[in-house]
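# Remarks on the overall topology
Here is what each chain is made of, one letter per residue.
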Amino acid sequence: MTQEAQDAVGDYKYGFHDPESATIRFDKGLSEQVVRDISELKEEPEWMTEIRVKAYHHFMEREMPTWGNCESLQSIDFDNVTYFLRSSDKTEKDWDDVPDDIKRTFDRLGIPEAEQKWLGGVTAQYESEAVYHSIREDLEEQGVLFLDMDSGLKEYPEIVRKYFGTVVPHTDNKFSALNTAVWSGGSFIYVPKGVHVEMPVQAYFRINAKNMGQFERTLIIADEGSSIHYVEGCTAPTYSTDSLHSAVVELIAMEGAKIRYSTVQNWSANVYNLVTKRGVAHKNATVEWVDGNIGSKLTMKYPAVLLKGEGAHAEVISVAYAGEGQHQDAGAKVHHLAPNTTSSILSKSISKNGGRSSYRGMLQVTPKASGCRSKVVCDALMLDEDSRSDTYPTMEIGNASADLEHEASVSKVSGDQLFYLMSRGHTEEEAMGMIVNGFFEPFTRELPMEYAVELNRLLELEMEGSIG
Amino acid sequence: MTEVLLRVENLHVYVGETQIIHGITLEIKRGEIHAIMGRNGAGKSTLANVIMGHPAYEITDGTIHYKGEDINEMEVFERARAGMFLSFQYPAAIPGVQVGTFLRKSVASVRGEAPSPREFRKELNEAMKQLDMDKSFLSRYVNDGFSGGEKKRLEILQMLMLQPDMALLDETDSGLDIDALRIVAEGINAVAEHTGCLIITHYQRLLDLVKPDVVHVLIDGKIVESGGPELAVKLEQEGYDWVDALA
Ligand SMILES: Nc1ncnc2c1ncn2[C@@H]1O[C@H](COP(=O)(O)OP(=O)(O)OP(=O)(O)O)[C@@H](O)[C@H]1O
Ligand SMILES: [Mg+2]
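Residues numbered from 1 in each chain as written. Chains lettered and ligands numbered in written order. Predicted model: local features only at pLDDT ≥ 70, side-chain atom pairs only at ≥ 80, totals over all residues. Heavy atoms only, no water.

### Details of the overall build of chain B
Of regular secondary structure, chain B possesses nine helices and 12 strands. Taken against the 2.2 N^0.38 rule, which gives 18 Å for 247 residues, the C-alpha radius of gyration of chain B at 18 Å falls within 12% of a compact globule. Counting 25 positive and 38 negative side-chain charges, chain B places the averaged centre of each group 7 Å from the other. (Helix = DSSP H or I, 4+ residues; strand = E, 2+ residues; numbered from the N terminus. Rg over C-alpha atoms; globule rule 2.2 N^0.38 Å. Lys, Arg positive; Asp, Glu negative; His and termini not counted. Charge placed at Lys NZ, Arg CZ, Asp CG, Glu CD.)

### Here's the deal with the coordination of the magnesium ion (ligand 2)
Residues and elements named next belong to chain B. Only Ser45 (OG) and Gln89 (OE1) from the protein coordinate the magnesium ion (ligand 2), and they sit 2.0 to 2.1 Å from it. Of this pair, Ser45 sits in helix α1 (residues 44-52) while Gln89 sits in the loop between β6 (84-87) and β7 (94-98); the two residues are 44 residues apart in sequence, bridging distant segments of the chain. Among the residues examined, Gln89 registers a relative accessible area of 17% and is labelled buried. (Donors = N, O, S within 2.8 Å, 3.2 Å for Na, K, Ca; no water. Buried < 20%, exposed > 50% of the residue type's maximum accessible area, 1.4 Å probe, protein only.)

### Some remarks on the packing of helix α4 (residues 117-130) of chain B against helix α5 (residues 148-162) of chain B
Residue and element names in this part refer to chain B. Where α4 meets α5, the closest approach of the two axes is 10 Å, and the angle between their N-to-C directions is 135 degrees. Relative to α5, the element α4 is oriented oblique. As α4 runs across α5, the sense of the crossing is right-handed. Facing Phe120, Glu123, Leu124, Ala127, Met128 and Gln130 of α4, the residues of α5 in contact are Leu157, Leu160 and Met161. The residue makeup of the contact of α4 with α5, split by class, is seven nonpolar, one polar and one charged. (Axes fitted to C-alpha atoms, helices over the stretch in contact; angles between N-to-C directions. Parallel < 35°, antiparallel > 145°, perpendicular 65-115°, else oblique. Left-handed = near helix turned anticlockwise from the far one by under 90°. Contact = heavy atoms within 4.5 Å. Nonpolar A, V, L, I, M, F, W, Y, C, P; charged D, E, K, R; others polar.)

### Examining the packing of helix α2 (residues 32-41) of chain A against helix α3 (residues 46-61) of chain A
Residues and elements named next belong to chain A. With their axes 9 Å apart at the nearest point, α2 and α3 run at an angle of 155 degrees to one another. In terms of their interaxial angle, α2 and α3 are classed as roughly antiparallel. Helix-helix and strand crossings are classified by hand; for α2 and α3 the assignment is right-handed. Every residue of α3 that contacts α2 at Glu32, Val35, Arg36, Ile38 and Ser39 is listed here: Met48, Thr49, Glu50, Arg52, Val53, Tyr56 and His57. Looking at the contact of α2 with α3, its residues break down into five nonpolar, three polar and four charged.

### Description of the site of ligand 1
Residues and elements named next belong to chain B. Taken together, the neighbourhood of ligand 1 is formed by 14 residues, with Gly41, Lys44, Ser45, Thr46 and Tyr57 sitting nearest. Asn40 places a side-chain nitrogen or oxygen 3.0 Å from an oxygen atom of ligand 1. The side chain of Tyr57 places a nitrogen or oxygen atom 2.7 Å from a nitrogen atom of ligand 1. With three residues, α1 is the largest single contributor of residues to the shell around ligand 1. Of the residues that constitute the shell around ligand 1, the class distribution is four nonpolar, seven polar and three charged. (Near = heavy atom within 4 Å. Polar contact = N/O pair within 3.5 Å; in protein donor to acceptor, adjacent residues only side chain to side chain.)

### Considering the interface of chain B and chain A
For interface size, the figure often reported is the accessible area lost on association. Each partner contributes to the interface: chain B provides 32 residues, whereas chain A provides 19 residues. Contact between chain B and chain A buries roughly 2000 Å² in total, counting both sides, with carbon and sulfur atoms accounting for 64%. Between the two partners, chain B and chain A, sit three salt bridges. Across the pair Arg424 of chain A and Glu155 of chain B runs a salt bridge, and its minimum N-O distance is 2.7 Å. Where chain B touches chain A, the interface holds 14 residue pairs in polar contact (both at pLDDT 80 or more). Residue assignment for the side of chain B that touches chain A shows that the elements contributing at least two residues are α1, α2 (76-81), β6, β7, α3 (99-111), β8 (141-142) and α5 of chain B. Counting residues per element, the side of chain B that touches chain A draws most heavily on α3 of chain B, which supplies five residues. Taken together, the residues of the side of chain B that touches chain A sort by class into 19 nonpolar, nine polar and four charged. (Buried area = accessible area lost by both parts, 1.4 Å probe. Salt bridge = Lys/Arg side-chain N within 4 Å of Asp/Glu carboxyl O.)

### Some points on the sheet that holds strand β10 (residues 258-267) of chain A
Sheet strands pair by backbone hydrogen bonding; their relative direction is either parallel or antiparallel. All names here are of chain A. Pairing in this open sheet of eight strands is parallel, and the strands run β5-β7-β10-β12-β15-β17-β19-β21 from one edge to the other. For this open sheet the edge positions go to β5 (201-202) and β21 (403-412), each flanked by a neighbour on one side alone. As paired strands, strand β15 (residues 313-322) and strand β17 (residues 342-351) are joined by 10 bridges and run parallel to one another. The residue bridging Ala320 from the neighbouring strand is Ser349, located in β17. (Pairing = 2+ DSSP bridges.)

### Comments concerning the sheet that holds strand β11 (residues 214-219) of chain B
Residues and elements named next belong to chain B. One open sheet accounts for six strands, arranged β6-β9-β10-β3-β11-β12; its pairing is mixed. In this open sheet, the two strands that pair with only one neighbour each are β6 and β12 (222-227). Strand-to-strand twist of the sheet, defined as the mean angle between neighbouring strand axes without regard to direction, takes the value 20 degrees. Across five bridges, the pairing between strand β9 (residues 166-170) and strand β10 (residues 196-200) is parallel. Note on β10: the bridge partner recorded for Leu169 is Ile199.

### Some words on the side chain of His54 of chain B
Within the element layout of this structure, His54 of chain B appears in the loop between α1 and β4 (58-66). Setting aside its immediate chain neighbours within four residues, His54 of chain B contacts Phe419 of chain A together with Asn49 and Val76 of chain B.

### Focus on a negative patch on the surface
All names here are of chain B. Together, Asp132, Asp134, Asp177 and Asp179 make up a negatively charged patch on the protein surface. Its location among the elements puts Asp134 in the loop between α4 and β8. On the basis of relative accessible area, Asp134 is assigned to the partly exposed category, the value being 49%. (Patch = residues over 30% accessible without salt bridge, like charges linked within 9 Å, V, L, I, M, F, W, Y side chains within 5 Å. Areas by Shrake-Rupley, 256 points an atom, 1.4 Å probe, with all protein chains shown as cover.)

Structure (structure tokens):
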């Protein structure tokens, strides 16, 4: 693949569609100047430039994280990453360059050709922008702001300035610092007091092509008594030649508000997917993370909730699928900082063909947080002997009144289940697919229909050819 | 002449080093009901599992013919698609898979094409009504947390939906209450006319409702006695001691 083609692949995910913009490409590697150039090019206010620069310096000095699969991180070559590129839609990639196995998966998933091209990086823009606009109009009538993050900063700088980095500061970890320095894309949402957004709002490629990025940054604020369900990602393999993806998501649920954030991601097998997701729940508010990770080389992702106000609730439901050469290091972090807060964590993982999935969790109850309840359930399903699954739960319990439950199980597909399903006319692969889909069902049923159907089909595909 | 559906000849079966079936011969025609009775551990389930193609068992001698063909090389799912059905003594639970979805997929696999949603729903409604099953079954997970009787009802529901040519029913009557037994027996009778049935049971009470043409007594992996329905009555009254002499 040519360098140009590679750049184009990266480009589609930035979602820059300015037809008049010329090709601008930064050299690989990062410096203060690169960070300043990014900010200038985006015509950002001075304060954002300063945040970026501060974050850049922090990134350079900061050690690698110690939480997670830290050895693997050492192999990331930061000098070999292109941190920002922007080019016109003309530099499109050739369809012939998209690997055959990915094209096959598109076909098997029944993804329309136009979308296939978008996913494969051949076209930078997907046509259903119109759908996005009509949904946006509906939301606007309710006073809901829904923009890509760059536009959010342009149009509502005072809101962004007030909340940006308050939940995930750049000093949180090395990758949140990196993201803060070079972020591009992502979503900005503000839901006014008392407004309930009925339909899930999707940053799906089908609706908003501008959304995905290598260093995307998302900020969602649900004002008092409001609610929103935000959905991002896609089940089709997202083919990328960029090997480092490091997003930051910040959620703020004010008193009595509810935010649900659902994600399904399926990165290609070369990608390091290192994401910091954290939400704050104020009094009687709820933050829910529904998080599905398929693909990538290494995913490190631990959606977190800070239960700051009395009576707040956190819910994390996650699934991870680790195939050959993949490590899904995922989990959840819940911090009970106020009395009578509750949390529930359900984590399900499948490992196959030598893949490894880990649950890594943190549950904290501070001394003043009395009367808290938490339930953690981790289930792992191993499809063969070569695969691996492990659990690393951490608990810091500072208040004796806490009511805590923790269950963990590791299971294998039984011969009895396979024989039963095969005696009903299903091949061994189909039987495996059903068992695997069933295992993920508590997650899948939380997703909007089209995602659920696609995820099931994807897992069925994953089971093909795996049985010998 | 009525079609011979299943022909088991001189079957010898091992699991690991242990021999379980010691030379069984059996022939079942379409429309016939055969019952197999015998003590716990005699090898009844093993016979049914082997006929269905369970991979844990090794056939060291003898053959199984289905519809005139040696099925030794056929995979389990191919046997199902060819019209064989096994109602399990211990049906496996498949957590997370809803009964409705499972039935639809199974019907599609066995028939080779997905039924139209409307047609399927109609058939399913009728079958469930016949078995006095509540609609709420459809959204439950397959055999997950089912009572013994509920599992058996689901097995028979599958039989009605899959319309097999050859049905192997392994203790389908155990765990059923009296009403359920009658209902399940009606379900079996509904298909028996044009199906071959091999019914494994411990009790006469099912055979009062589903009239067998032949009753076989299985002892230590061998059929030691075959006869008419009166054989089952005798076993019920006298137990198995008298057949030991025949073994
Ligand atoms: N997969 C297996 N592995 C080891 N032993 C087995 C296996 N299957 C059957 N056996 C043994 O073979 C013998 C016959 O078992 P089978 O289940 O066929 O008996 P059965 O006649 O169906 O008994 P029951 O009336 O209790 O259902 C038993 O001793 C059993 O333990
Ligand atoms: Mg048995």
